[in-house]
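What follows is the residue order along each chain.
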Protein chains: 2
Amino acid sequence: MKTVRLNQETIASLLDDLLKRSPNSYGKYENAVAEIISNVRSKKDEALFAYTEKFDHAKITDKTVQVTQQEIDEAYERVEPALLEVIQKALVNIRSYHEKQKRQSWFCSDEKGTMLGQKILPLQRVGVYVPGGKAVYPSSVLMNVLPAKVAGVEKIIMTTPPGKDGSLNPSTLVAAKEAGVDTIYKVGGAQAIAALAYGTQSIPKVDKIVGPGNIFVALAKKAVYGQVGIDSIAGPSEILVLADDTANPRYVAADLLSQAEHDELASAILITTSEKLARQAKEQISEFLKVLSRREIIEKSLDHFGYILLADTMEEAIEAANAIASEHMEILTENPFEVMTKIRNAGAIFIGESSCEPLGDYFAGPNHVLPTNGTAKFFSPLGVDDFVKKSSVIYYSREALHEIHRDIIQFANCEQLTAHANSIAVRFEKEEKQ
Amino acid sequence: MKTVRLNQETIASLLDDLLKRSPNSYGKYENAVAEIISNVRSKKDEALFAYTEKFDHAKITDKTVQVTQQEIDEAYERVEPALLEVIQKALVNIRSYHEKQKRQSWFCSDEKGTMLGQKILPLQRVGVYVPGGKAVYPSSVLMNVLPAKVAGVEKIIMTTPPGKDGSLNPSTLVAAKEAGVDTIYKVGGAQAIAALAYGTQSIPKVDKIVGPGNIFVALAKKAVYGQVGIDSIAGPSEILVLADDTANPRYVAADLLSQAEHDELASAILITTSEKLARQAKEQISEFLKVLSRREIIEKSLDHFGYILLADTMEEAIEAANAIASEHMEILTENPFEVMTKIRNAGAIFIGESSCEPLGDYFAGPNHVLPTNGTAKFFSPLGVDDFVKKSSVIYYSREALHEIHRDIIQFANCEQLTAHANSIAVRFEKEEKQ
């Protein structure tokens with residue numbers, strides 16, 4: 001973990017470093033992904049199952065691709081009861097927070113006889129991708145499925161890669177069932193994304209695909225964007241802790257490590273006005289590292305993408321934090337709410353020393369699917385807005401149109417779109433002739 | 001224009017036809033676009049100006065790339081006063097409609113000492129692309145710039161390709177100035193998109209790029225998606241008229257033509273329960289074609305992508321309309337509001353015979369940047385939401401965290417993320433030791 005004095009140069013070099021983790025830098029896989037998509041699009045199930053055998057080493061057929069009720073029942077028997085209990089508790093909080101995001105269709109009318117508004121409707125079919133492999137994250141299932149459910153999506157489909165024996169992790173299945181997934185398919189990778197985007201004999205085409213995945217999944221989602229909707233492209237996790245000399249160095253250290261353990265590409269950054277805190281936090285990190293189970297991952301992450309930035313003033317620290325636009329930002333300062341008002345760019349803002357990042361990952365209710373890699377400057381946390389779409393609604397009475405019809409004709413003629421002008425003019429041709 | 005009986009087969013073949021117009025089918029330009037982006041990214045202004053000379057045949061330098069106040073003054077002198085007047089009138093309506101879309105940051109607190117919410121902020125810098133060439137659309141400038149302005153975007157940058165002599169169309173400049181664009185640059189094509197996404201010596205990097213363009217612009221936007229935000233990928237224009245035997249065939253014909261004139265790839269579709277209306281509308285189209293200035297474009301558009309679909313019932317007609325998910329949908333039926341309640345998928349819905357599509361294009365206030373090519377199933381009209389982004393806000397008091405800390409530790413341990421569990425546990429280690 002590098003400790004450096006914060007200035008224009010260090011921040012520029014840090015931003016360059018972080019961007020090296022971006023899916024946009026992985027051009028070499030794009031052709032492979034394009035080929036997978038093209039094959040699944042043309043050969044459908046046949047290609048989908050062939051890739052599943054090739055990449056996941058599992059033999060799946062149209063008879064076994066869909067998870068059965070029996071498999072779900074077995075998962076409930078196998079899952080730890082304590083885990084089921086926390087899934088159910090977290091689910092209540094997550095649903096409640098997302099319910100508050102719901103919006104109604106709206107309109108405004110005026111007495112000239114006009115009505116303008118927006119009709120807001122849920123998407124009909126959504127695909128949720130859930131990664132397989134060593135790491136199993138039932139929390140991620142909840143966070144991706146529940147906003148869609150709250151939005152009112154009619155059919156929620158989940159895909160996740162099977163193990164070699166064709167089985168899925170029971171906690172993934174239980175979380176999916178609890179959250180309200182309608183159908184689960186045992187496919188993963190770019191081939192699953194292609195199947196969701198174009199449909200196969202076994203898997204229905206969806207309107208939008210969400211959920212995290214490896215680089216193949218991320219590139220496949222980008223490739224099918226436009227054919228279907230996608231959530232923002234997820235990169236490795238990040239935490240930025242903004243702290244002054246009132247912060248507890250043991251908390252700061254523990255929180256930095258909580259993100260570094262995700263991934264060798266994860267990034268943990270402390271920006272502080274206190275040299276003493278910087279030193280003490282670093283000591284605590286060494287202490288914790290002795291006992292943490294994911295030490296190897298954490299050490300690589302901290303070596304490459306871990307920073308302690310020393311700022312002269314809190315203003316300077318905040319400016320740097322806004323430039324980095326971290327996925328997670330913790331504010332451990334004397335007046336954390338005051339600092340929060342000055343934060344422009346962050347996926348989620350955790351205020352004060354009892355609001356640590358894992359609280360948001362699992363339990364508080366806000367979504368843990370957040371913009372990474374500086375994209376918090378223009379992307380938002382996953383939410384109900386991602387599972388609805390709007391249609392403009394326009395009504396004018398004849399009188400209301402008459403009042404402005406000459407203006408529209410004028411505008412259309414200026415743009416040399418005479419058929420546009422004609423569409424207005426034809427409605428008043430009798431009056432004009434008189 | 002083909003007249004066919006509506007059934008599963010005809011609708012499937014129509015949807016196939018329409019998708020041929022999609023930017024996703026233009027893979028052959030992707031490499032050329034990737035090369036342009038890569039060159040502008042590495043060589044910046046040098047590459048940008050070289051491409052401008054190559055594609056736009058205009059010599060632009062860092063001294064002339066930015067539009068001057070003098071050029072804007074001259075544009076005001078040259079623009080038709082009547083056009084300036086309608087621009088100013090339309091602007092009031094567009095701004096007023098988009099003001100109604102604005103949302104506030106929100107939070108909920110409870111007496112356990114928790115506060116959860118969303119901080120909603122405008123993007124800081126936005127790039128608006130405006131096509132050059134023969135067609136000049138000041139209305140498009142208003143529709144792309146005003147939602148950003150209403151959202152509170154700090155800096156709005158516009159790029160548009162110059163003519164051979166380095167000049168821009170005065171009505172584009174005047175519309176930009178009226179709408180509140182901060183800076184205008186004389187570059188276009190994929191090279192302009194690359195400059196906005198990565199920044200050059202002359203052109204600042206933006207957070208999001210919006211605006212229509214040709215296939216190179218569309219592919220470039222898709223390629224830089226993730227590096228910056230983009231609006232949805234625009235395809236050729238579409239109108240779908242849903243009509244029964246109460247509809248005026250002359251209005252129906254004029255409205256179909258109003259979209260067909262945009263582009264040879266534009267699509268005009270009538271779905272009706274009335275064979276008489278279908279026949280009469282077709283006759284009226286032939287009549288109008290004799291006098292309309294853009295006859296050649298219209299004829300090609302109608303030949304390839306124009307359809308009259310005869311439905312047995314209005315329910316069947318509505319189902320087909322929802323499957324097509326047209327950019328613009330007009331409802332010319334006896335009870336148009338009732339039909340509107342059954343429409344799931346459309347960019348904009350025009351209700352009744354005095355609410356024709358050009359009213360929405362220019363004047364009523366809703367945005368004319370709308371999802372095309374079936375993407376109304378998951379994309380929305382351009383609006384204020386496209387120019388803001390959200391951050392989750394999470395505050396828990398020590399007491400509130402204490403109450404649930406064991407649940408979070410349980411969840412984290414189940415996911416084998418022990419550093420997550422540690423971040424919670426460390427906060428209560430003194431209590432635990434006692």
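Residues numbered from 1 in each chain as written. Chains lettered and ligands numbered in written order. Predicted model: local features only at pLDDT ≥ 70, side-chain atom pairs only at ≥ 80, totals over all residues. Heavy atoms only, no water.

Enquirer: Requested: an account of the environment of T52 of chain B, with residues and values cited.
Expert: Structurally, T52 of chain B can be placed in helix α3 (residues 45-56). For T52 of chain B, a relative accessible area of 0% gives the class buried. (Helix = DSSP H or I, 4+ residues; strand = E, 2+ residues; numbered from the N terminus. Buried < 20%, exposed > 50% of the residue type's maximum accessible area, 1.4 Å probe, protein only.)

Enquirer: So what about the environment of Y129 of chain A? Which residues, and what values?
Expert: Residues and elements named next belong to chain A. Along the polypeptide, Y129 turns up in strand β4 (residues 125-129). Spatially, the C-alpha atom of Y129 lies 12 Å from that of F216, the residues being 87 residues apart in sequence. Residue contacts for Y129: discarding those within four places in its chain leaves T159, P161, G188, G189, A192, I193, V210, G211, P212, G213 and V217. (Contact = heavy atoms within 4.5 Å.)

Enquirer: Can you tell me about the interface of chain B and chain A, naming the residues and giving the values?
Expert: Across the contact, 121 residues belong to chain B and 122 residues belong to chain A. Taking both sides of the interface into account, the surface hidden between chain B and chain A amounts to around 10800 Å²; carbon and sulfur atoms contribute 58%. Of all residues in chain B, Y225, R344 and F411 of chain B give up the largest surface area on contact with chain A, accounting jointly for 8% of the area buried on that side. Taken together, the links from chain B to chain A amount to 12 salt bridges. Remark: the boundary between chain B and chain A carries 71 residue pairs in polar contact (both at pLDDT 80 or more). Broken down by element, the residue count for the side of chain B that touches chain A peaks at 9 residues, all from helix α16 (residues 398-414) of chain B. In this sheet, strand β14 (residues 388-396) of chain B lies alongside strand β13 (residues 348-351) of chain A in parallel orientation, the contact comprising 4 bridges. Its bridge partner lying in β14 of chain B, A348 of chain A is registered against S392 of chain B. (Buried area = accessible area lost by both parts, 1.4 Å probe. Salt bridge = Lys/Arg side-chain N within 4 Å of Asp/Glu carboxyl O. Polar contact = N/O pair within 3.5 Å; in protein donor to acceptor, adjacent residues only side chain to side chain. Pairing = 2+ DSSP bridges.)

Enquirer: Run through the sheet that holds strand β6 (residues 183-185) of chain B, naming residues and quoting values.
Expert: Sheet strands pair by backbone hydrogen bonding; their relative direction is either parallel or antiparallel. Residue and element names in this part refer to chain B. Taking strand neighbours across the sheet as the criterion, the 5 strands line up as β6-β5-β4-β7-β8 in an open arrangement whose pairing is parallel. With one partner strand each, in any of the chains shown, β6 and β8 (229-230) form the two edges of the open sheet. Sheet topology note: the strand β5 (residues 155-159)/β6 ladder contains 3 bridges and is parallel. Across the sheet, I157 pairs through a bridge with T183, a residue of β6. Where helix α8 (residues 189-198) meets the sheet, its contacts fall on β4 (125-129), β5 and β7 (208-210), and the angle it forms with β4 comes to roughly 175°. Packing against the sheet, helix α9 (residues 215-224) makes contact with β4, β7 and β8, and its axis sits at approximately 160° to β7. (Axes fitted to C-alpha atoms, helices over the stretch in contact; angles between N-to-C directions.)

Enquirer: Describe in detail the relation of the copies chain B and chain A, supporting the description with residues and values.
Expert: Each of the two copies of the chain can be brought onto the other by a rotation about an axis and a shift along it. Mapping chain B onto chain A is achieved by rotating through 180° and translating by 0.0 Å along the same axis, at an RMSD of 0.0 Å. This pairing of chains is accounted for by a two-fold axis. Residues of chain B ranked by C-alpha distance from the rotation axis are headed by K222 of chain B, positioned 4.1 Å from it. A shared interface surface links the copies, since 100% of the contact residues of chain B are contact residues in chain A too. (Least-squares fit on C-alpha atoms with pLDDT ≥ 70 in both.)

Enquirer: Go over the packing of aromatic side chains, please, and point to the residues and values.
Expert: Summed over all chains, the structure comprises 15 aromatic pairs over all chains. Here Y51 of chain A and F55 of chain A contribute two aromatic rings whose centre-to-centre distance is 5.8 Å and whose plane-to-plane angle is 5°, an arrangement assigned as stacked. Of the two residues, Y51 of chain A and F55 of chain A both sit in helix α3 (residues 45-56), 4 residues apart, roughly one turn of that helix. Here Y51 of chain A falls in the buried class, since its relative accessible area comes to 11%. What makes F55 of chain A partly exposed here is its relative accessible area of 42%. Put simply, the rings of Y225, F378 and F379 of chain A together with Y225, F378 and F379 of chain B pair up and form one aromatic cluster. Positioned above the aromatic ring of Y307 of chain A, the side-chain terminus of K2 of chain A is 4.8 Å from the ring centre. (Phe/Tyr/Trp six-rings, centres within 6.5 Å; stacked < 30°, edge-to-face > 60°. Lys NZ or Arg CZ within 6 Å of the ring centre and 35° of its normal.)

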